[in-house]
Amino acid sequence: MSEEADDSTTPLLSTGGQPKVYARRWYILIIFGMTNFTQNLVWNTWGPIAQSAKAVFGWSDSQIGQFANIGNIAYLVTVVPVCYLIERLGLRKAILGCTLLIFIGTGLRCITYDKEALTWLSYVCSVLNGIGGIVPFAGPSLVANTWFPLSERATATAVSSVFMYMGIGISYIIGTEWVSSPVQKNSTNQINITADIGSITGFSSWNSEGTLFTSNYSDEEVTNLVAMRTDIMNMLYSECGLAGLLFLFSLLYLPAKPPTPPSTSASVQRTNYKESLRSVARNGSLIMLCLAIAIPNGVFGSWQAVLDVLLDPVGLDQSEAGWLGFYMTIAGGVSGLLIGRFSDIFLRNTKFFLILMNGAATLAYVWFSLMSSGIIPISKVQIYIATIIGGMLINASLPLAFEMGSELAFPVSEGIVGGLLTCLINLSGIIFLLVLLIPDIGTSWMNWFLAGSVFLGFVLLFLFPARYRRTDIDVVVQVNDDETDNSPNISTTIKERSTIYE
């Protein structure tokens with residue numbers, strides 16, 4: 001937290017003042033959530049329209065994949081200094097900087113549709129959007145603790161995650177419904193690539209044997225290039241407009257913190273940044289929790305990015321894969337919100353919920369891997385059930401992990417904990433994608449790798465000791481009143497029902 005925030009919140013503990021909760025907290029949460037939504041929408045711009053983008057701009061699969069990957073790398077490189085700036089500048093300036101970066105990045109892509117220029121401008125946008133994603137991705141628990149009382153903290157964190165999942169999910173719908181697919185004169189002609197693929201242009205996909213194929217078309221053979229280019233540019237303009245509107249709302253009104261904190265723990269001065277980093281590095285329980293959540297979430301995110309490739313051998317086409325990705329993402333957001341609400345009601349049960357979700361997700365993806373490998377009969381209905389359940393549970397675990405990590409690390413700032421968790425998520429996703437660079441490795445290993453990563457998280461969740469340091473302060477606060485008159489200590493119970501709502 002910034003020094004300004006610390007100075008204004010310290011009196012709550014020393015004077016015995018009551019916490020207050022303000023109605024404007026929901027506006028703050030919506031602005032923050034929309035920032036998360038927009039950043040993820042921009043991050044996943046090109047994947048759902050890969051066929052059209054390759055036909056219009058002549059890009060390859062690897063180029064389109066790098067637009068998202070460069071954003072992840074930019075995140076990893078800048079997460080430490082940006083988290084420091086969040087601590088020094090406060091939440092308002094951090095969100096303003098985030099929304100401004102996203103706005104500039106999306107604006108650059110609107111300058112021209114020249115192939116070479118747009119390629120480089122899209123790379124720049126990916127970098128700016130990746131840096132801009134640090135605040136919304138790492139900060140849900142920080143926003144929740146700053147503005148929301150104990151009885152709503154996990155719910156508020158889950159709401160932020162719902163916006164994030166909606167951004168990814170809606171990007172699939174926009175891509176498939178807004179942008180036209182290539183219309184070819186001879187769309188059924190395919191050739192097996194045995195030559196240098198760098199010398200061949202066209203749309204590539206993987207068949208069930210893992211052999212790379214390409215549709216044999218050139219620019220002249222695609223009959224709707226102009227329509228696709230128009231659709232793509234209209235989509236880019238719309239994303240830029242959304243980012244600009246979000247920046248404007250943030251600029252007009254976005255207080256850094258409430259006048260009076262919503263809980264006792266929110267008024268506790270946080271450890272300074274350097275000491276926080278040392279504390280986090282020594283906190284074995286926190287690191288174990290972060291690994292338990294980051295490994296399956298990072299692998300799942302990268303696995304989902306190539307879902308159309310993985311589902312082709314089991315009989316689902318690109319359109320079905322896109323909708324399935326949407327269902328998994330939205331289901332994860334909704335379930336995360338419900339489980340977050342349960343976590344608020346049943347305090348100190350976060351670890352139990354996490355173990356339960358990871359165990360069920362492991363079973364779901366083992367089930368899917370057995371079908372995709374042909375060990376058990378394939379059924380489209382079972383494919384949908386297994387993948388949606390697995391994705392729903394993995395996505396739903398993230399907001400609870402933010403809250404559990406903040407409990408373990410307290411009084412380290414929630415922003416630093418979120419930065420560590422999301423940094424590990426991005427790192428595990430990048431490592432998973434780097435394995436694809438191994439020659440002739442194919443794709444069948446991906447499903448089992450995902451199932452194994454979720455099982456590893458399940459095991460690690462059993463090992464770390466759960467501590468609820470922040471919640472304990474909010475539930476019971478011991479005030480030592482023996483400084484001047486040698487009277488006994490007074491134990492004061494702070495219950496959420498005594499919170500003043502304005």
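In this text the structure is predicted, and so the values were computed from the model without any measurement.

Trainee: Can you walk me through the overall build of the chain in this structure?
Mentor: Secondary structure assignment for the chain yields 20 helices and 7 strands. Per-residue burial over the chain gives 53% buried out of 502 residues. In the chain, 83% of the contacts between residues at least 6 apart in sequence involve partners at least 24 apart. Carbon and sulfur atoms make up 64% of the accessible area of the chain, which amounts to about 21,100 Å² in all.

Trainee: Even after reading the chapter, I still don't get unusual backbone geometry, so can you show me in this structure?
Mentor: A negative phi angle is the norm for most residues apart from glycine, just as the trans form is the norm for most peptide bonds. With an omega of 10°, the peptide bond running from Phe 410 to Pro 411 counts as cis. Structurally, Pro 411 can be placed in the loop between α17 (380-409) and α18 (414-434).

Trainee: For this particular structure, what's the right way to read the side chain of Thr 35?
Mentor: For Thr 35, the position within the fold is in helix α3 (residues 25-43). Assessed through its relative accessible area of 1%, Thr 35 is described here as buried. Engagement of the side chain of Thr 35 in a polar contact is seen with the backbone oxygen of Ile 31, the distance being 2.8 Å. Other than its neighbours up to four places away in sequence, Thr 35 contacts Ile 95, Cys 98, Thr 99, Ile 102, Pro 136 and Leu 246.

Trainee: Would you mind going over the packing of aromatic side chains with me for this structure?
Mentor: In this structure the tally under the stated criterion is 21 aromatic pairs. Seen from their ring centres, Trp 26 and Phe 148 are 5.0 Å apart, and the 75° between their planes marks the pair as edge-to-face. Placement of the pair is Trp 26 in helix α3 and Phe 148 in the loop between α9 (140-147) and α10 (153-178), with a sequence separation of 122 residues. By relative accessible area, which is 37% here, Trp 26 ends up partly exposed. The class for Phe 148 is buried, based on a relative accessible area of 0%. Positioned above the aromatic ring of Tyr 113 is the side chain of Arg 229, whose terminal nitrogen or guanidinium carbon lies 4.2 Å from the ring centre. Lying over the aromatic face of Phe 464, Lys 351 brings its terminal NZ or CZ to 4.9 Å of the ring centre.

Trainee: Is there a simple way to explain the pattern of salt bridges in this structure?
Mentor: A side chain of one charge can pair with a side chain of the opposite charge when the charged atoms of the two come close. All told, the structure shown has 4 salt bridges when counted by the stated rule. Measuring nitrogen to oxygen at the nearest pair gives 2.5 Å for the salt bridge that ties Glu 239 to Arg 109. Taken together, the residues span a long stretch of sequence, with Glu 239 in helix α11 (residues 225-252) and Arg 109 in the loop between α6 (91-108) and α7 (115-132) at a distance of 130 residues. Each of the two residues, Glu 239 as well as Arg 109, counts as buried. With a shortest N-O distance of 3.3 Å, Glu 275 and Arg 282 are connected by a salt bridge.

Trainee: What is the right way to look at the confidence of the model for the chain in this model?
Mentor: Segments scoring low in pLDDT should not have their predicted coordinates read at a detailed level. For the chain, per-residue confidence averages 77 on the pLDDT scale, and residues scoring 70 or more make up 79% of the total. Put simply, strand β6 (residues 490-493) is where the chain has its lowest mean pLDDT, 36, and α6 is where it has its highest, 93. Long-range and interchain partners of residues 1-11, a stretch whose pLDDT sits below 50, account for 21 contacts in this model, where long-range means more than four residues apart. Residue range residues 187-219 is modelled with pLDDT below 50. Its contacts to residues more than four positions away, or to other chains, number 55 contacts.

Trainee: Could you clarify how one ought to interpret the packing of α6 against α7 in this entry?
Mentor: At a closest axis distance of 8 Å, the pairing of α6 and α7 adopts a crossing angle of 170°. The pairing of α6 with α7 is recorded here as roughly antiparallel in orientation. Relative to α7, α6 is oriented so that their crossing is left-handed. Contact with α6, carried on its side by Cys 98, Leu 101, Ile 102, Ile 104, Gly 105, Thr 106 and Leu 108, involves Leu 121, Val 124, Cys 125, Leu 128, Asn 129, Ile 131 and Gly 132 of α7 and no other residues of that element. In the contact of α6 with α7, the residues fall into 10 nonpolar, 4 polar and no charged.

Trainee: Is there a simple way to explain the nonpolar core in this structure?
Mentor: Here is a general trend for soluble globular proteins: nonpolar side chains tend to be buried in one another's company. The biggest cluster of nonpolar side chains holds 109 residues, and the ones touching the most others in it are Trp 46, Trp 303, Tyr 365, Leu 398 and Leu 421. Once residues within four sequence positions are removed from consideration, Leu 398 is found in contact with Phe 137, Met 164, Tyr 165, Ile 293, Asn 297, Leu 421 and Ile 425.

Trainee: Quick question: what am I supposed to make of the state of the cysteines here?
Mentor: By definition, a disulfide links the sulfur atoms of two cysteines through a covalent bond. For the coordinates displayed, the defined rule picks out 0 disulfides. Among the cysteines around Cys 83, which has no disulfide bond, Cys 423 carries the closest sulfur, lying 8.8 Å off. Between Cys 110, a free cysteine, and Cys 240, which holds the nearest cysteine sulfur, the sulfur-to-sulfur gap is 4.4 Å. Judged by relative accessible area, Cys 110 falls into the buried class, the value being 17%.

Trainee: For this particular structure, what's the right way to read a nonpolar patch on the surface?
Mentor: The grouping of Leu 245, Leu 248, Phe 249, Leu 252 and Tyr 253 at the surface amounts to a nonpolar patch, some 500 Å² of accessible area in total. Within the element layout of this structure, Phe 249 appears in helix α11.

Trainee: I tried to follow helix α4 (residues 50-57) on my own but got confused; where do I start?
Mentor: Helical geometry: 3.6 residues make up each α-helical turn, so side chains three or four residues apart lie on a common side. For α4, the tally of buried residues reaches 7 of 8 residues, placing the bulk of the element in the interior. Along α4, the positions that sit buried rather than exposed are Ala 50, Ser 52, Ala 53, Lys 54, Ala 55, Val 56 and Phe 57. Positive phi appears at Gly 58, one or two residues downstream of α4, with a value of about 70°.

Trainee: Would you mind going over helix α19 (residues 445-463) with me for this structure?
Mentor: The end-to-end C-alpha separation of α19 is 27 Å, in line with the 27 Å expected for 19 residues at 1.5 Å each. All of the buried residues in α19 are Trp 445, Met 446, Asn 447, Leu 450, Ala 451, Ser 453, Val 454, Gly 457, Leu 460 and Leu 461.

Trainee: What am I meant to see in the environment of Gly 58 here?
Mentor: As for its placement among the helices and strands, Gly 58 is situated in the loop between α4 and α5 (61-89). Judged by relative accessible area, Gly 58 falls into the partly exposed class, the value being 42%. Each C-alpha atom, one on Gly 58 and one on Lys 115, is 7.5 Å from the other, the two residues being 57 residues apart in sequence. Among residues more than four places away in sequence, those in contact with Gly 58 are Ala 53 and Gln 63.

Trainee: What's the story with the environment of Val 127 in this structure? I'm lost.
Mentor: Relative to the helices and strands, Val 127 resides in helix α7. In this structure, the C-alpha to C-alpha distance between Val 127 and Gly 105, residues 22 residues apart in sequence, is 8.1 Å. Not counting chain neighbours up to four residues away, the residues in contact with Val 127 comprise Ile 70 and Ala 74.

Trainee: Can you walk me through the environment of Lys 274 in this structure?
Mentor: You can see Lys 274 is positioned in helix α12 (residues 273-282). Sequence separation between Lys 274 and Tyr 84 is 190 residues; the distance between their C-alpha atoms is 9.1 Å.

Rules used in this analysis
The residue count restarts for each chain, going from 1 along the sequence in the order it is written. Under the rules for a predicted model, residues below a pLDDT of 70 receive no local features and side-chain atom pairs below 80 are neither given nor counted, while totals for whole chains, interfaces and linings still include all residues. Excluded from the side-chain calculation are hydrogens and water; included are all heavy atoms of the structure. Helix and strand definitions here come from DSSP, where helices need a minimum of 4 consecutive H or I residues and strands a minimum of 2 consecutive E residues; each element is numbered from the N-terminal end. Throughout, exposure labels follow a simple rule: accessible area from a 1.4 Å probe, protein chains only, divided by the maximum for the residue type, with under 20% read as buried, over 50% as exposed, and the rest as partly exposed. Whether two residues are in contact is decided by their heavy atoms, any of which lying within 4.5 Å being enough. Every accessible area reported is derived by Shrake-Rupley at a probe size of 1.4 Å, with residue values counting cover from the shown protein chains alone. In protein, a polar contact means a hydrogen-donor-capable atom and an acceptor-capable atom, both N or O and within 3.5 Å, with residues adjacent in sequence counting only if both atoms are side-chain atoms; elsewhere, any N or O pair within 3.5 Å suffices. Aromatic contacts are taken between Phe, Tyr and Trp rings whose centres are within 6.5 Å, Trp giving its six-membered ring; a plane angle under 30 degrees counts as stacked, one over 60 as edge-to-face, and the others as tilted. Only when the NZ of Lys or the CZ of Arg is both within 6 Å of the ring centre and within 35 degrees of the ring normal is a charge said to sit over the ring. A carboxyl oxygen of Asp or Glu within 4 Å of a side-chain nitrogen of Lys or Arg is what we treat as a salt bridge. pLDDT runs from 0 to 100 and stands for how confident the predictor is about each residue. Helix axes are fitted only over the stretch in contact, all axes being lines through C-alpha atoms; the angle between N-to-C directions runs from 0 to 180 degrees. Angles below 35 degrees are treated as roughly parallel, those above 145 as roughly antiparallel, those between 65 and 115 as roughly perpendicular, and all remaining angles as oblique. Left-handed is the label given to a crossing in which the near helix is rotated counterclockwise from the far helix by less than a right angle, and right-handed is the label when the rotation is clockwise. In the scheme used here, Gly and all other residues not listed as nonpolar or charged are polar, with Ala, Val, Leu, Ile, Met, Phe, Trp, Tyr, Cys and Pro taken as nonpolar and Asp, Glu, Lys and Arg as charged. For the purposes of this section, nonpolar cores are sets of buried Ala, Val, Leu, Ile, Met, Phe, Trp, Tyr and Cys residues that join through side-chain atoms within 4.5 Å. Disulfide assignment relies on a single distance test, namely cysteine sulfur atoms paired within 2.5 Å. Only residues whose relative accessible area exceeds 30% and that form no salt bridge enter a patch; like-charged residues are grouped when within 9 Å of one another, and nonpolar side chains (Val, Leu, Ile, Met, Phe, Trp, Tyr) when within 5 Å. Each residue after the first adds 1.5 Å to the expected span of a helix.

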